[in-house]
Amino acid sequence: MRMVLAALAALLVAAAPATAQDADAEPAISAALINDFVAVTSSFTGARLTLFGATRTRQGEAGDVVVVVRGPDRPAVVTQRSRIMGMWLGRTTARFAKAPGFLAIASTRPLDKIATERTLRGWGLSPEALIAPAPEDAQRKDIARYAEALIRLRREEGLYAADPAGVRRLSGGLFRADISAPDSTPPGIYTVRVLLFRDGAPVATVSSTVLITHQGIERFVLDTARRFPWAYGLAAIAMAALAGWLANMAFARLRGA
């Protein structure tokens, strides 16, 4: 950790203004992830992404830092279920062309204290701004209700989260952010974006990526399911039938005893 802080401090010093004119330039921000690769194995219970950064502002103003971890964007379907004769059945559905599989936003203070809702939406700092309905459902009057349901469900799963105190200020203009990802986090390439706000507007931003991928038997199973879905389906049916047969034999022996 000390090495990371020292490296960021050196980077900030190297970028320091050399003239009085440069000293009045817009604030700068730099950041680096401690871990840019996460392996998902059978023992995966979630991950913590740690980021260190540094800011340089005019007249000693610290500004506000917002860290956004997002990805991957994929289609989504939301189904409204109703209870009919004691059973929950799907009645209507809404399709979305894309929605982040994971979205975590950490900041130095609540987002509504940093910028207006319009600014936050424009910079993708709210899930509502990142979810796009499918063309065939875009004109539905109730599409906003389905979008809210999708956001609510993913928040309950821990896939969408906002931490208004997730970015901690350290000494010397340095800061630290910790992002937690649950065990249900989908694999893929994630974008990590760090923004520096001042007076309600972003004045500097920097981006990087982190890869979350399956390893070991999980990767083999996933690749097989994608490349040979028919074989994967037959194997799943065969395993289920074998498990049922073994269970039946075990019960038969117990009854015979």
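## Some thoughts on the pattern of salt bridges
So, step 1. Scanning the entire structure with this criterion turns up eight salt bridges.
So, step 2. Its salt-bridge partner being Arg140, residue Asp137 comes within 3.9 Å of it at the nearest N-O pair.
So, step 3. Judged by relative accessible area, which is 8%, Asp137 ranks as buried.
So, step 4. Where Arg168 meets Asp178, a salt bridge forms, and the shortest distance between an N and an O atom there is 3.7 Å. Here Arg168 is found in strand E10 (residues 167–169), whereas its partner Asp178 is found in strand E11 (residues 174–181), with 10 residues between them in sequence.
So, step 5. On the basis of relative accessible area, Arg168 is assigned to the partly exposed category, the value being 45%.

## Quick look at the layout of surface pockets
So, step 1. Roughly 180 Å³ of volume is contained in the largest pocket.
So, step 2. Along its surface, the largest pocket is lined by 15 residues, and Ala106, Asp163, Asp178, Ile179 and Ser180 are the ones closest to its centre.
So, step 3. Among the elements of the structure, strand E7 (103–107), strand E9 (160–163) and E11 are those that each provide at least two residues to the lining of the largest pocket.

## Examining the nonpolar core
So, step 1. In this structure, Val65, Val66, Val67, Phe96 and Phe102 are the most contacted members of the largest nonpolar core, which totals 50 residues.
So, step 2. Not counting chain neighbours up to four residues away, the residues in contact with Val67 comprise Leu51, Ala104, Ile105, Ala106, Val167, Ala177, Val192, Arg193 and Val194.

Calculation rules
- Residues numbered from 1 in each chain as written.
- Predicted model: local features only at pLDDT ≥ 70, side-chain atom pairs only at ≥ 80, totals over all residues.
- Heavy atoms only, no water.
- Salt bridge = Lys/Arg side-chain N within 4 Å of Asp/Glu carboxyl O.
- Buried < 20%, exposed > 50% of the residue type's maximum accessible area, 1.4 Å probe, protein only.
- Helix = DSSP H or I, 4+ residues; strand = E, 2+ residues; numbered from the N terminus.
- 1 Å grid on protein atoms, 1.4 Å probe; cavity = no way out; pocket = protein on both sides within 12 Å on 5 of 7 lines; lining within 4 Å.
- Points joined across faces, edges and corners; volume = space filled by probe spheres on them.
- Core = buried A, V, L, I, M, F, W, Y, C linked by side-chain atoms within 4.5 Å.
- Contact = heavy atoms within 4.5 Å.

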